[in-house]
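# Structural overview for review
Each chain, letter by letter, is given below.
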Amino acid sequence: MTTDVQLSSLYQHLILDHYRKPRNKGELQEATADVHMRNPTCGDEIRLQLQVEDGVISDVRFQGEGCSISQAAASMMTALVKGAPVADALGIASRFTAMMHGDPEAAGDRTLKDLRALAGVARFPVRVKCALLGFDALQEAVKQAAGPDAGT
Amino acid sequence: MGNPDRVDALASTAISSPASGQVANPRPDPVPPLDPVPPLDVERLRKDFPALHQEVNGHPLVYLDNAATSQKPVQVLDAIRRYYEADNANVHRGIHELSRRATEAYEGARQRVARFLGVGDPAEIIWTRGTTEGINLVAASWGGANLGPGDEILLSDMEHHSNLVPWQLIARRTGAALRFLDVTDQGTLRLEQVDEILAGGRVRLAALTQVSNALGTMNPIREIADRVHAAGALLLVDGAQGAAHAPVDVHALGADFYAFSGHKLCGPTGIGVLWGRRELLEAMPPYMGGGEMISLVERDMSTWAPLPHTFEAGTPNIAGAIGMAAAVDYLEGVGPAAILAHEQSLVAYALAQLRELPGIRLFGPEEASDRAGVVSFLLGDAHPHDISTILDAEGVAIRAGHHCTQLLMRRYGVAATARASFYLYNTREEVDRLVRSLETVRTLFA
């Protein structure tokens, strides 16, 4: 059952702040990865660009359109992975995904920083895919940056 | 019903092309002459719908997603249950008693739906899975046999994807081209373009929705039909929204094909009807092959069963057809004209309150009398999904998204809208709940 408290936690100030003033929004002139993802059922969209140098995400930009959850999550994600080694970024992605699936340990992980404000989304199952859109794009972009032979 | 000023405005655009020689009938209809209809006894009707009586997130459910699908009355649920409990058998095959009963109920349902559409010949009623399958059937079968390079299909920017994508597919296969009527800022079709496009002499078929699922606009189908026919083309009417909300007479409408679904008019999902004029259907090749649709089968060829079975391969959705007939019985018992009047009074009531909300953006015709029971809107910078989540937390179910009308969303420069859609069981108190919950949205997004 949804309560007013849950609703206020879903739409708290930090989330609306990222929604209205997204960090790292825009376009990179040169990018090692450029991914466009879309959630066809609801129309949320994101384009994510990474600049990866020596295994570090040296720069990141996103463009997008969609609900406050999808756009705030993407903004928070870019703020966190900018300057981070690719391996750390993937670690953040997997802990955030665990948090979205209700893992309380992940929700307590301080390294997720602003993203922890989205912990309440886990209680709205139909909105989890909104929060994960940016991270799906991140994982795809990391694969693209690694090149076609990576992992073989 | 009907605003005289608005009618005149439409008429002046309608006769902009004197070459058509048609007398414009600008009513957004065809609703047969309306006797003043008594208001619905909504409190009594609500008792027929078990799903309405529940709490969602601690609040009594307010179901305003009827353009997506309607709730089902016990009369429909009972008809389906009775069939499975007492008469279940395959149709047109067995010589035994249950098969006879099942066949009788199934064919009886066909006759019932024929009457609902004002159709005298039940063989013109083809059972489908829904509107989408009906349109795909016509596009693939009629289109495959009749379209070629240079031919055109006339659509509009307010079509649901189910009345767009099937035509894209057949156009690609045959080399035919698609033409589109624009939509005005007020959410109506730009009727003057009908004559402009028809004047090219290439349109073979127009496929248009009777009622816009995203805006609620009721299109002047009769008027368009006359112009389409004068140009020697055919008209398919997408009745997915139309049949649920107003009386339908396919001949008065001027349709050559009419497709609709059971689930939007109190019937079950997975059943719908395609009606077509007999001479058109008889000239069309089968859409799917299999049992039920054949007469004589040999190794390399077969002959087809007569209408309607030509287009009904395989064991049909027998229970669905019976449920749909029960739904049609129910609707006619309530009175389709009264249902439309009720919806329009709720739309008028909702529009008046919504217009007072700071930050509201409303889509579709200004006058409730030009709409079926649909209100599409945006509120401030809250995304429709956020609006829908907040409303759901207060028990109010609406739809958020592109409503399978991406052309229309692009036309208005938005990715999505929030949509409340009403039906015979909705009340003014429920509209009040909608408006109160939108105040919560404003507070959270302040």
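Definitions and limits used
Residues numbered from 1 in each chain as written. Chains lettered and ligands numbered in written order. Predicted model: local features only at pLDDT ≥ 70, side-chain atom pairs only at ≥ 80, totals over all residues. Helix = DSSP H or I, 4+ residues; strand = E, 2+ residues; numbered from the N terminus. Rg over C-alpha atoms; globule rule 2.2 N^0.38 Å. Buried ≥ 20, exposed ≤ 12 C-beta atoms within 10 Å, placed from the backbone. Domains from an automatic or database assignment. Contact = placed C-beta atoms within 7 Å. Nonpolar A, V, L, I, M, F, W, Y, C, P; charged D, E, K, R; others polar. Expected span 1.5 Å × (residues − 1). Bend = angle between axes of the 7 residues up to and from the residue.

## Here we look at the overall build of chain A
- Tallying secondary structure elements over chain A gives six helices and three strands in all.
- Relative to the globule expectation of 15 Å for 152 residues, the C-alpha radius of gyration of chain A, 15 Å, shows essentially globular dimensions.
- With the principal axes as the frame, chain A shows a C-alpha extent of 50 × 30 × 25 Å.
- Expressed as a percentage of the 152 residues in chain A, the buried residues total 41%.

## Digging into the domain arrangement of chain B
All names here are of chain B.
- Annotation of chain B at the domain level lists domain 1 (42-73 + 335-444) and domain 2 (75-333).
- The C-alpha-based centres of domain 1 and domain 2 are spaced at 28 Å.
- Between domain 1 and domain 2, the residue contacts involve 31 residues of the former and 32 residues of the latter.
- Of all the elements, helix α13 (residues 336-354) adds the most residues to the side of domain 1 that touches domain 2, at six residues.
- Here the side of domain 1 that touches domain 2 is built from residues that sort into 15 nonpolar, eight polar and eight charged.

## A word on helix α6 (residues 128-146) of chain A
Residue and element names in this part refer to chain A.
- The end-to-end C-alpha distance of α6 is 27 Å, a good match for the 27 Å that 19 residues give at a rise of 1.5 Å each.
- The principal kink in α6, of about 35°, is found at G134.
- Among the residues making up α6, those that are buried are C130, A131, L132, L133, G134, F135, A137, L138, A141, V142 and A145.
- G147 sits one or two residues past α6 and shows a positive phi near 90°.

## Some words on the environment of B:Y106
All names here are of chain B.
- Secondary-structure assignment places Y106 in helix α4 (residues 97-116).
- Look at Y106 and you get buried, because 23 C-beta atoms sit within 10 Å.
- Setting aside its immediate chain neighbours within four residues, Y106 contacts V91, I318, A321 and I322.

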